[in-house]
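Listed here are the chains, written in short residue letters.
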Amino acid sequence: MNEDLKVNLSRLPRECVDAGDLKNISADIPSQVPVVEPEPELVVNPWDIVLCTSGTLISCENAIVVLIIFHNPSLRAPMFLLIGSLALADLLAGIGLVVNFVFAYLLQSEATKLLTIGLIVASFSASVCSLLAITVDRYLSLYYALTYHSERTVTFTYIMLVLLWGTSICLGLLPVLGWNCLRDESSCSVVRPLTKNNTAILSICFLFTFALMFQLYIQICKIVMRHAHQIALQHHFLATSHYVTTRKGVSTLAIILGTFAACWMPFTLYSLIADYTYPSIYTYATLLPATYNSIINPVIYAFRNQEIQKALCLICCGCVPPALSQRARCPSDV
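For clarity, every value in this text was computed on a predicted model and none was experimentally measured. (Residues numbered from 1 in each chain as written. Predicted model: local features only at pLDDT ≥ 70, side-chain atom pairs only at ≥ 80, totals over all residues. Heavy atoms only, no water.)

Trainee: Give a detailed account of the packing of helix 4 (residues 78-105) against helix 9 (residues 280-302), specifying residues and quantitative values.
Mentor: Running from amino to carboxyl end, helix 4 crosses helix 9 at an angle of 155°, the nearest separation of the two axes being 10 Å. Classed by the angle they form, the pair helix 4 and helix 9 counts as roughly antiparallel. Taken as a pair, helix 4 and helix 9 cross one another with a handedness that is left-handed. Two secondary-structure elements touch here, helix 4 through Ile83, Leu86, Asp90 and Leu97 and helix 9 through Thr291, Ser294, Asn297, Tyr301 and Ala302. For the contact of helix 4 with helix 9, the per-class residue count stands at 5 nonpolar, 3 polar and 1 charged. (Axes fitted to C-alpha atoms, helices over the stretch in contact; angles between N-to-C directions. Helix = DSSP H or I, 4+ residues; strand = E, 2+ residues; numbered from the N terminus. Parallel < 35°, antiparallel > 145°, perpendicular 65-115°, else oblique. Left-handed = near helix turned anticlockwise from the far one by under 90°. Contact = heavy atoms within 4.5 Å. Nonpolar A, V, L, I, M, F, W, Y, C, P; charged D, E, K, R; others polar.)

Here is the structure:
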């Protein structure tokens, strides 16, 4: 009826139509026209772009270290196994950040959210545990210098690797197996869908790890100073060499611990005191420096190592620079 009326009205002069009829018709016509709602625009958070970029850089940088260690059979000593574990953990962390960005904006679902957060938690936990394992290995290599290169050390290294990866995988599986806040938003932490209790456990584990690393590096520093003192006495240049070597060793340890604390401590403390009601910008601002630790790790632990430098030069240019091949290891190279 409305369509007939509409057609007839189009053929009549405007003055022949009653004003009341126009009012009724105008009220009926919109109800017959389907309303097409515009599709919501995809708004990308700039912080997520920065995290994705950081993840890409982490992946590329640590992939180089993993390939170098995997490609060279000579790099199978306990120290290189632990450096490889650290690089692999950081590589997975970088991949997790990139995958999380893709799933958050293209494949949104609860399953993908839990899988990506589980991967990120497991990989960053393995990264921190690998740093602790490297610290333990450095302490043992100095404290038991005569018996360090034994089969017992290799066995102990494999045990540490199994324990650290097993623990990290278990921590990553917790949100996947149900310990998440998807059904109870009031229990969410600053990183959804992790619960407040989950992040509290992770933060306490980090503080314990940092305290243990700090204590071990103090002992390492004492051993380095004692070794440098003994070498200086043997060569009769105590006043100069002992001071320079000791200062270099202490500076190296300060850089290692200072970088680790500066990257992870802000997010650790913030996740202990904050919850999901806090502005997300604070979470991004404290989480981003933590990802930078995975960018810095290859520089501190891998690319400073003489054997890895040689392997990298062989891969890139097919030769080893004479200055690199003749460099001797000193007590400050800890």
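Trainee: So, the environment of serine 85: which residues are in play, and what are the values?
Mentor: Along the chain, serine 85 turns up in helix 4. Using a relative accessible area of 5% as the deciding quantity, one classes serine 85 as buried. With 49 residues separating them in the primary sequence, serine 85 and isoleucine 134 have C-alpha atoms 9.6 Å apart. (Buried < 20%, exposed > 50% of the residue type's maximum accessible area, 1.4 Å probe, protein only.)

Trainee: Before we move on, could you go through the nonpolar core and cite the residues and values that matter?
Mentor: Counting 61 residues, the largest nonpolar core has Tyr217, Phe260, Trp264 and Tyr301 as its most contacted members. Elements with a minimum of two residues in this core: helix 3 (46-71), helix 4, helix 5 (110-143), helix 6 (151-176), helix 7 (196-235), helix 8 (238-273), helix 9 and helix 10 (306-317). Broken down by element, the residue count for this core peaks at 12 residues, all from helix 5. Look past the residues within four positions of tryptophan 264 in its chain and what remains in contact with it is Phe124, Val128, Phe206, Ala290 and Asn293. (Core = buried A, V, L, I, M, F, W, Y, C linked by side-chain atoms within 4.5 Å.)

Trainee: Explain the packing of aromatic side chains residue by residue, including any values.
Mentor: Within the structure shown, the criterion is met by 12 aromatic pairs. Between the aromatic rings of phenylalanine 206 and phenylalanine 210, the centroid separation amounts to 6.5 Å while the plane-to-plane angle is 20°, which identifies the pairing as stacked. Pair noted here: phenylalanine 206 and phenylalanine 210 are both in helix 7, with a separation of 4 residues, about one helical turn. In this structure phenylalanine 206 comes out as buried when scored by relative accessible area, which is 5%. (Phe/Tyr/Trp six-rings, centres within 6.5 Å; stacked < 30°, edge-to-face > 60°.)

Trainee: Report on the state of the cysteines, specifying residues and quantitative values.
Mentor: In total, this model carries 1 disulfide according to the counting rule given. Here cysteine 181 connects covalently by a disulfide to cysteine 188, the sulfurs 2.0 Å from one another. Between cysteine 181 and cysteine 188, the disulfide has an S-S torsion of 95° and is therefore right-handed. (Disulfide = S-S within 2.5 Å.)

Trainee: Quick rundown of the packing of helix 4 against helix 5? Include the residues and the values.
Mentor: One can describe the packing of helix 4 onto helix 5 by two numbers: an axis separation of 8 Å at closest approach and a directional angle of 160°. Of the possible angle classes, the one that applies to helix 4 and helix 5 is roughly antiparallel. Pair helix 4 / helix 5 crosses with left-handed handedness. Counted by class, the contact of helix 4 with helix 5 contains 18 nonpolar, 8 polar and 2 charged residues.

Trainee: Would you mind going over the UniProt feature "transmembrane region" (unreviewed entry) in the protein in detail, with residue names and values included?
Mentor: In this structure's numbering, the residues bearing the UniProt feature "transmembrane region" (unreviewed entry) are residues 47-70, 82-108, 114-136, 156-179, 199-218, 250-269 and 281-303. Along residues 82-108 one finds 89% helix and 0% strand; the C-alpha atoms at either end are 36 Å apart. Secondary structure across residues 199-218 divides into 100% helix and 0% strand, with the first and last C-alpha atoms of the span separated by 29 Å. (UniProt positions renumbered as here; feature names shortened; annotations may be inferred.)

Trainee: Account for the confidence of the model for the protein, with residues named and values stated.
Mentor: Parts of the prediction with low pLDDT should not have their coordinates interpreted in detail. Overall, the prediction assigns the protein a mean pLDDT of 81, with 76% of residues at 70 or greater. In this model, residues 1-17 is a region of pLDDT below 50 whose contacts with residues beyond four sequence positions or in other chains number 7 contacts. Note that residues 25-31 has pLDDT below 50 and, in this model, 4 contacts with residues that lie over four places away or in other chains. (pLDDT = per-residue confidence, 0-100.)

Trainee: Lay out the pattern of salt bridges with the relevant residues and their values.
Mentor: Using the criterion set out here, one finds 1 salt bridge in the structure. Here glutamate 110 makes a salt bridge to arginine 183, at a shortest N to O gap of 3.1 Å. Taken together, the residues glutamate 110 in helix 5 and arginine 183 in the loop between helix 6 and helix 7 connect sequence positions 73 residues apart. (Salt bridge = Lys/Arg side-chain N within 4 Å of Asp/Glu carboxyl O.)

Trainee: Tell me about helix 10, residues and numbers included.
Mentor: Taking 1.5 Å of rise per residue, 12 residues should cover 16 Å, and helix 10 covers 16 Å from first to last C-alpha, within 8% of that figure. Residues Gln306, Ile308, Ala311 and Cys313 constitute the buried set of helix 10. (Expected span 1.5 Å × (residues − 1).)

Trainee: Mind laying out the side chain of serine 125, listing which residues take part and the relevant values?
Mentor: Relative to the helices and strands, serine 125 resides in helix 5. For serine 125, a relative accessible area of 12% translates into the label buried. Those residues in contact with serine 125, other than ones at most four positions away along the chain, are Ser168, Leu171 and Leu202.

Trainee: Just give me the short version of a nonpolar patch on the surface, but keep the residues and values in it.
Mentor: A surface patch of nonpolar side chains, amounting to about 470 Å² of accessible area, comprises Leu115, Ile169, Leu173, Val176 and Leu177. Structurally, leucine 115 can be placed in helix 5. Owing to a relative accessible area of 53%, leucine 115 belongs among the exposed residues under this scheme. (Patch = residues over 30% accessible without salt bridge, like charges linked within 9 Å, V, L, I, M, F, W, Y side chains within 5 Å. Areas by Shrake-Rupley, 256 points an atom, 1.4 Å probe, with all protein chains shown as cover.)

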